[in-house]
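Read off the chains here:
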Amino acid sequence: MDTPTQNRIAQLHPSVRAEVTQIIQACDQALTGRAKVRITQGLRTFKEQDDLFALGRTRVNPQGKTAKKPLGNRVTQAKGGQSVHNYGFAVDICLIIDGKTASWDTAKDWDNDTVADWYECVKIFAQFGWEWGGNWKNFKDFPHLEKKGFNNWRQLIKRQRDAQGYVIL
């Protein structure tokens, strides 16, 4: 498991850190070839979420005013507070090939075992009760996985928070 992944796990909600560590280790063990899993996103602040939400929707000109012409593609449907990332119960992943190249290719079988490496990881996450954004009907989010039972932001936003800012379960 690489350092960026370890750092992102350390910021997830405390209740899922050990589980996510176990999942990543299981994925890396299953991927016997050139690929390893990296968590590219974990916990996000509401501001970071709002910044992602703005992509493809708005742009700020040099004077700090919002212009009407959007930049880039939309990458999320969720505003700050409306993503499970904001509570530490979601991760985005990629595969790191040969220790250096990031891949989001869901079809490639780097270890030649006749199962796409991405789906090997999705299946392992599912065994631990995580939902894959690639299964969503309206907005496919292939890198995204979130913990079932904690994937309702409307419930999470109402919960009290501890001294570190994590929702109290």
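Residues numbered from 1 in each chain as written. Predicted model: local features only at pLDDT ≥ 70, side-chain atom pairs only at ≥ 80, totals over all residues. Heavy atoms only, no water.

**Focus on the overall build of the protein**
So, step 1. Counting its secondary structure elements, the protein contains 5 helices and 7 strands.
So, step 2. Taking 169 residues into account, the globule formula puts the C-alpha radius of gyration at 15 Å, and the protein, at 17 Å, falls close to it.
So, step 3. The principal-axis extents of the C-alpha atoms in the protein amount to approximately 50 × 40 × 30 Å.
So, step 4. Burial statistics for the protein: of 169 residues in total, 38% are counted as buried.
So, step 5. For the protein, long-range pairs separated by at least 24 residues make up 57% of all intrachain contacts whose partners lie at least 6 apart in sequence.
So, step 6. The averaged location of the 18 negative side-chain charges in the protein is 11 Å from the averaged location of its 25 positive side-chain charges. (Helix = DSSP H or I, 4+ residues; strand = E, 2+ residues; numbered from the N terminus. Rg over C-alpha atoms; globule rule 2.2 N^0.38 Å. Buried < 20%, exposed > 50% of the residue type's maximum accessible area, 1.4 Å probe, protein only. Contact = heavy atoms within 4.5 Å. Lys, Arg positive; Asp, Glu negative; His and termini not counted. Charge placed at Lys NZ, Arg CZ, Asp CG, Glu CD.)

**What to know about the side chain of Asp-117**
So, step 1. Inspection of the secondary structure puts Asp-117 in helix H4 (residues 117-127).
So, step 2. As a buried residue without a salt bridge, Asp-117 has its nearest oppositely charged side chain in Arg-34, at a separation of 8.6 Å.
So, step 3. In contact with Asp-117, not counting residues within four places along its chain, are Leu-31, Ala-35, Leu-95, Lys-108, Asp-109, Trp-110 and Asp-111. (Salt bridge = Lys/Arg side-chain N within 4 Å of Asp/Glu carboxyl O.)

**Thoughts on the layout of surface pockets**
Over the atoms, a rolled probe matching the size of one water molecule traces out where space is still vacant.
So, step 1. Of the voids in this model, the largest pocket is the one considered here, and its volume is about 630 Å³.
So, step 2. As for the largest pocket, its lining consists of 28 residues, of which Thr-76, Gln-77, Trp-136, Phe-139 and Asp-141 are closest to the centre.
So, step 3. Those elements giving two or more residues to the lining of the largest pocket turn out to be strand E1 (35-41), helix H3 (46-54), strand E7 (144-147) and helix H5 (153-156).
So, step 4. Here the lining of the largest pocket is built from residues that sort into 9 nonpolar, 11 polar and 8 charged. (1 Å grid on protein atoms, 1.4 Å probe; cavity = no way out; pocket = protein on both sides within 12 Å on 5 of 7 lines; lining within 4 Å. Points joined across faces, edges and corners; volume = space filled by probe spheres on them. Nonpolar A, V, L, I, M, F, W, Y, C, P; charged D, E, K, R; others polar.)

**Digging into the side chain of His-85**
So, step 1. Note on placement: His-85 falls in the loop between strand E3 (66-67) and strand E4 (90-97).
So, step 2. Looking at His-85, its side chain comes within polar contact range of the main-chain oxygen of Ala-90, at 3.4 Å.
So, step 3. Discounting residues that sit within four places of it in the chain, His-85 has contacts with Gln-41, Gly-42, Leu-43, Arg-44, Gln-49, Ala-90, Val-91, Asp-92 and His-144. (Polar contact = N/O pair within 3.5 Å; in protein donor to acceptor, adjacent residues only side chain to side chain.)

**Digging into unusual backbone geometry**
So, step 1. Non-glycine residue Asp-98 carries a positive phi angle of around 55°.
So, step 2. Relative to the elements of secondary structure, Asp-98 occurs in the loop between E4 and strand E5 (101-103).
So, step 3. What makes Asp-98 partly exposed here is its relative accessible area of 43%.
So, step 4. A positive phi angle, close to 55°, is found at Asn-112, a residue other than glycine.

**Quick notes on the pairing of E4**
So, step 1. With 8 of its 8 residues buried, E4 lies for the most part within the structure.
So, step 2. With burial as the criterion, each face of E4 is covered, one bearing Ala-90, Asp-92, Cys-94 and Ile-96 and the other bearing Val-91, Ile-93, Leu-95 and Ile-97.
So, step 3. Taken together, the 6 bridges between E1 and E4 define a ladder with antiparallel strand orientation. Within the sheet, the bridge partner assigned to Arg-38 lies in E4 and is Cys-94.
So, step 4. Sheet topology places E4 next to E5; 3 bridges connect them, and they run antiparallel. Within the sheet, the bridge partner assigned to Ile-96 lies in E5 and is Ala-102. (Pairing = 2+ DSSP bridges.)

**Points about the state of the cysteines**
So, step 1. If you walk through the whole model with that rule in mind, you get 0 disulfides.
So, step 2. The closest cysteine sulfur to the non-disulfide-bonded Cys-27 is located on Cys-121, 3.6 Å from its own sulfur.
So, step 3. Overall, the relative accessible area of 0% leaves Cys-121 in the buried class. (Disulfide = S-S within 2.5 Å.)

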